[in-house]
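# Report on the structure
The chain contents come next:
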Amino acid sequence: MSQYKTPSKRGSVKKEAPKGRAKAVDLVTGKTVVEYFFDPTLVIDDANKSKKGQNPNDILLNSKHLFVPCKIIKSLKEDGTSNNGSNNSNTGNNKKKNKGKKKRQSMEDASDVNSGPALVKTADGTLYKVKAVHQMAALTAPDDYIGMKDVLHLANVSEASLLHTLRVRYKRDDIYTSAGPILISINPYKLIKKFDGESLYSDDIMMSYRSGDTFTDEEPHLFQAADRAYTHLMDSVHIVPHLEDDDHDVMVDGDAPLGQAPGEPRNQSIIISGESGAGKTEATKYIMKYLARITKKKDVHEGLRSPDGKIASSLEDRVLSSNPLLESFGNAQTLRNDNSSRFGKFIHINFSTDSGAIVGARISNYLLEKTRITTQIDGERNYHIFYQLLAGAGAETLEKLGMDGGASTFRYLGSKTVEKSEKDASDFAETLDCLARIGLATGDQQTVFALAAAVLHLGNVTFEQDEEHVAKVCEDTLPSLQKACELMGLEQEAVTEAILTKNLSINGKTIKKPSTVAMAEDKRDAFAKMTYSCIFLWLVKSINQTLTVAAKNNGETKVGFIGVLDIYGFETFEVNGYEQLLINYCNEKLQRHFNRHLFEVEQNLYSSEGVDWTYITFNDNRPCLELIEGGSGTVGILNTLDDSYAGMGTSAEKDVKFVNQLHKLFGSGTGTKKKDGHKYFVTPKFGNDRQFIIVHYAGEVRYTVDGFVERNMESLTNELKDLGASSTVELAKSVFSCATSDQEVTQKNDTRRSSIRGFSVASQFKLSLQALVEDLERTQPHYIRCIKPNLRKAPNSFAAGDILKQLRYSGMMEAIRIRREGYALREDHQSFYNRFSVLLGPAEIEGEAGIEQLVNVLSKRLNVTDADWQIGHSKIFLRHDLSDKLERLAALRVHTAARTISRFGKFVLHRRLSKLLVAWARFRLVMLKKYKRVRAATKIASFHRSRMEVQRYRADRKSVITVQSLQRRRVAIQRARKIRDPYCDMTYQDIKDLLETEKPKLDEAVNAKDFKKAAKLEAKIDEINKALDEREPMTRKKLEGLIEKCQSSLDDALKRKSYTEAGPLQEELDALIAQRKDLPTQEELKEAVKTAEANLAEAVKNRDFAGAASSQTALDEAKAKYAIAKEAEGADDEGGEAEAEEEKQGVAIDGIESRADLEKEIGKMQADVDDAIAKKDFKGASALQASLDERLKLRVFFPSVEELEEQVSETKKKMDQCISNKDFTGAETLHADLEKIEKLLEAEKAKEAEKPAVATPSSFSVTLIDGETKEFDSRHDLEEAIKETKTKQNDAVAAKEFKKAEAIQTLIESMEKLRTNLPTIDDLKNDIKKKQAEMKKAVEEKRFSDAEALDKEITELETKLSKEKEKAPEPVAPEVLASKSPNVSSGPSLKSAPTVGNRSQTTKPRMSATLVGGAKVPKTPPRGSLVVTAKTPSGRKDASDDVSDTVSVKSFKSRASKVSKGPAKTPSKKLDTMAESRPVSKLRPKKPLISST
């Protein structure tokens, strides 16, 4: 239930008028002042004759002081002025005779001054003579002075009080006023802000209306109406018994409630009506913003994805974006409105009743004004999008669209020079943003603009007659036609043929008929209108597709909608055409819905409930509506217009036929309404052959019928309609298809369409309007009446006559009256009895108590009559005032019962407490006597301590206040600096980077001679330099300079004894001195770096690697601070070189400076571990292994060459990616990191180069049984040694020395293992071929570093090959070898040893390998054991080969001697020419390089 409350949160009105009305009092004299509403119809002219011959209504509406407050200066009865204006010449004599009786007659004169003629004065000092004061209504204080926010609460509601209330509120910028559930909005023509500078439509004000519990707590607002609709929609799914406000339970058909079944959502509608320029479009935008704001969730939802895959926007943003987008293509500037909607739209915003969020939307459009595309009257413009393109698009886009010539080059824009406005440019940017939000890709946006530009180019095409009087395109306009066809993707020949010819079908044959110039111009304009209309329809269709959400509705989620109707207002101009007739017809239809909802349905409800009710008459516009659309057995104007198309004749002849038929059907004499016909049709006195007048609810409108019949039939030829399907642009095809689909849908619904006269626009509009009204009938409406304050679109101008006229024809007075005299609140009998039966006493409840007894008892108690409430058949009806009383009485009864219970409880509590208090008092008296002295001493001590604490508190409070004041001062300074300095949020480096970015732009502008741009960039660079100077980082050197300067100023102030200056200077000096702690010197920073290095070394020494990591972080931070300080203060070159050298050296950990040193140490330690294991010194091996593990952990601090190269590669990729993304700041940072990594990589490679090459041993050695060591550097020597050793083994076996034979077998096996490290000649040749192919490929791919390494390997392989060829024997014939071979069974001798020289020819070469890996070596090698080692050319052992492997003696097994099957293969002849044919790289050094791998 809506309660009446007087306080208002915002606004100048402190409280509403009390019931007992006070009188106005003069603040100077203290006398009661009676003011009246000035009535211009009572004015007496200067000749003392009443104005005759004028319509009193015209006098009333044209008055400057209509219903303004006025005071009575004096009565005109004393001057003998009668009501007819005659003068009495004896007035002066009568005054002298009655001079002595002045006091006695003063009382009588005071009573007569309010009844006869008098002289009155308005607030601006204008004097008027009125003939009857008693006919003017008196102002009621304070209601008529304060401007009530709800006019239903006025003591006396009349046209004068209503108009004056609106005037008072309008002057203080309260543009919204309530009339019950109806909101009256007056267009201010300016931006309104509250007293605190906050916008009237800010986010905080939005949420304040949403958070309010009742609507009366806030000032009337658009947000209040929108919130009421949203709340009713959300509450409609729950049935809660309460007093229903206003027309919430109005019936439409039968007993079915408005909307859906019980428990289903009750759809709402917000109907915004008013004249053109009254602010309907702006009201629609603010309502949609409010609904989107209160339902938008905090979490980010996945937005719509555009065709190019980008996220467009959230659903709420898309709903808001639809409004500005349709305004750009559907609104235009008119004489009465700068942003007039030239189409109507009904926006369905769907809400989920469970979550309350927006789940979709749909837009229905009505009757786009196509005539404006081709012609506009003086002072008006075409649609906004054309001017936005000219003002906001770039030069390249305009040149591409052919619009670089400006508006003066287009006939459809009036061929007038239009200056580019900033508003059009900003609106174009908003249009682009809206197109992106609804998911339209950039390419599609350009196509839409191209089609719009094509419309303008079509308008520039002109025609002329040839010799045969046939139309043809003028030569000078052919470029315009060519450009239009290019933008639309159409063939120029096809468009020309469709415009210049017409296909006629006769007896199945098609004949092309040439067009005249007039016909060609009509077709050109029709094609342009169709193109633009298709663009608009396609945009609406696209918006609806993006706003439609496939909701997952499984029966649990209920969806309702709030419809916002923004449609063209009532229009009347000097020349009113076909569009004005349809627009005013639409307003008549909506006014009919308003009347039906507020008057007819309301009063029918009273009749059905049996309520005693006096019927209220209102301005019923049903007859006028029937005149336009037909009904009640009569033919309407629209039907007559459809029938006028039939028959032969030109368009002008058909228009004359149409208007003559109207005069015949509805008119009689000229200038009068037909007495026996329709009273809302008037035949004009002049021009009745081309004009007719309709008496609308808003007044008479004269229509001129030029072009009515032609515009009504949409006479587009099929050739023009089919052109769109042949477009080469896919989007253009989709756009042109909207015209065909839209007509097919409407033709399907229009059963009255004749195949002869074609399709009727009026019929289409009538059907869509009927569907709109049916949608509104199924919703609960909320009305907003927009009022235009003046015709000049001027702010702070209140034209009372125009406003009163709008209030009259909108039915506001009747609506206010029915709500004051009607019963706005109603409730079911049982619910009402349950809520208010608490007001009955025990005696009154006895017997059968019911609703009638309750009403009778309360009527007597409240002294009210049946006029205040009535009992219907199922409901009880009552008024606002009575409902407020009942609510208060019920609340008071509950409070009274609660107080009674509370009093009893307090009585019991008081009695118990009194006993306890007496006992405590007695005990207290005893204690007071006993401790009297102690209390005295305690009191003195406590007073002293209190005094001390007070003094301490005051001192602390003073200090705190001082600190607070200083802190607030600092905060204020910071905020002021942020306001003054736009770069305050940027760091010094950011501003420096910005400066580096802007300087190249300045150079480019200067080189391009774009001095205007260069001037702007120069000014911007100056600002950046200034900000850069202000943000230069504070250094210790700079700080010392400031301290010295401040100290000098302080000394100077003290010398001059200017102590007022000395105080702030001393504070500034203290602050600067305090900054020394934050800005250490370079020496202190160096010391911090050394300390961090020492801590790191100590942590590594103590094997505390976790502490080493943290120490490393501290070291990096200390170095970074030192680098910043050095860069800021500009260290000298010598110091910089030393620091660079120190940086280059890095931190040494246990003498290890690089990864190469670390790996060398690890290899050595691994060899020591293996040696200890071989000697079975497991305790020592465990200690060595622990040291080895610690060394392995140090690999984290020393990356390898491969890791550094990988970091370089990754950093380069990231830097390239930043450059492609134009993130130059990130690229610069990565470049700096890359330089550091490359520097480390070069240092590591240098360390690797310094390390002796240990890649592959050039020779391998074997320890013989006698302890001697034999080295092998070729495969040939190895095979010879194996052959000789096997001969010795055969001799030992023959001599039965099996232990020796077994030792020799072990030696042979060790020697055979060396074959993998000594490749054969064929293996070397194959390796050389492979390396040569790889080097050739590397050179082709320009990998010169790889080519150099491969060249080095080829050189080594060629050296090995030449050495192997020198030692290899000459090839021997097989038969000779066979004759020399001894017999295998000839006994153990040296000659009988098996030959294995050719076995290694098939083994694949391997690089470095452990000779005897994994063999356990005893501590003391047994006698006869073998030790196999591999030595590098330098003589030092490799880390992996330092451990000597002792081969255990194995049991001897007899083996069969293997005889070589044949001699070694002869090397290929190509071997000699291989070195000569090998390609030589230019990068090959003169001396062989040592490989780093």
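Residues numbered from 1 in each chain as written. Predicted model: local features only at pLDDT ≥ 70, side-chain atom pairs only at ≥ 80, totals over all residues. Heavy atoms only, no water.

### Let's talk about the overall build of the protein
Along the protein, the regular secondary structure elements total 49 helices and 28 strands. Burial status across the protein gives 43% buried among its 1493 residues. A separation threshold of at least 6 residues defines the contact pool for the protein, and within that pool the share at least 24 residues apart is 70%. (Helix = DSSP H or I, 4+ residues; strand = E, 2+ residues; numbered from the N terminus. Buried < 20%, exposed > 50% of the residue type's maximum accessible area, 1.4 Å probe, protein only. Contact = heavy atoms within 4.5 Å.)

### A word on the nonpolar core
In this structure, Phe-329 and Phe-692 are the most contacted members of the largest nonpolar core, which totals 196 residues. Ranked by residue count, the leading element in this core is helix α17 (residues 517–547), at 16 residues. Counting residues in each nonpolar core, the second largest holds 19 residues, with Leu-840, Val-855, Trp-869 and Ala-890 among its members. (Core = buried A, V, L, I, M, F, W, Y, C linked by side-chain atoms within 4.5 Å.)

### Let's talk about the packing of helix α18 (residues 578–609) against helix α19 (residues 622–629)
Taken N-terminus to C-terminus, the directions of α18 and α19 make an angle of 145°; their axes are 10 Å apart at the nearest point. Judged by the sense of rotation from one axis to the other, the crossing of α18 with α19 is left-handed. Where α18 abuts α19, its residues Tyr-585, Glu-588, Lys-589, Arg-592 and Glu-600 lie against Arg-622, Cys-624, Leu-625, Ile-628 and Glu-629. (Axes fitted to C-alpha atoms, helices over the stretch in contact; angles between N-to-C directions. Left-handed = near helix turned anticlockwise from the far one by under 90°.)

### Here's the deal with a nonpolar patch on the surface
On the surface, Leu-909, Leu-913 and Leu-916 cluster together into a nonpolar patch covering about 290 Å² of accessible area. With respect to the element layout, Leu-909 can be found in helix α31 (residues 880–930). The partly exposed category is assigned to Leu-909, whose relative accessible area is 47%. (Patch = residues over 30% accessible without salt bridge, like charges linked within 9 Å, V, L, I, M, F, W, Y side chains within 5 Å. Areas by Shrake-Rupley, 256 points an atom, 1.4 Å probe, with all protein chains shown as cover. Salt bridge = Lys/Arg side-chain N within 4 Å of Asp/Glu carboxyl O.)

### Quick notes on the pattern of salt bridges
Within the structure shown, the criterion is met by 41 salt bridges. A salt bridge links Glu-282 to Lys-285; its shortest N-O distance comes to 2.9 Å. Taken together, the residues span about one helical turn, with Glu-282 and Lys-285 both in helix α8 (residues 280–295) at a distance of three residues. Of the charged contacts, one joins Lys-1245 and Glu-1205 as a salt bridge, the two residues approaching to 3.7 Å between their closest N and O atoms.

### Some thoughts on unusual backbone geometry
Even without being a glycine, Ser-415 presents a positive backbone phi close to 55°. Inspection of the secondary structure assignment puts Ser-415 in the loop between α12 (395–401) and α13 (422–437). Here the phi dihedral of Asn-863 falls at roughly 55°; this positive angle occurs in a residue that is not glycine. The exposed category is assigned to Asn-863, whose relative accessible area is 69%.

### Here's the deal with a positive patch on the surface
Taken together, Arg-924, Lys-932, Arg-935 and Lys-939 make up a surface patch of like positive charges. The biggest single contributor to the positive patch is helix α32 (residues 932–980), with three residues. As for its placement among the helices and strands, Lys-939 is situated in helix α32. For Lys-939, a relative accessible area of 64% translates into the label exposed. (Lys, Arg positive; Asp, Glu negative; His and termini not counted. Charge placed at Lys NZ, Arg CZ, Asp CG, Glu CD.)

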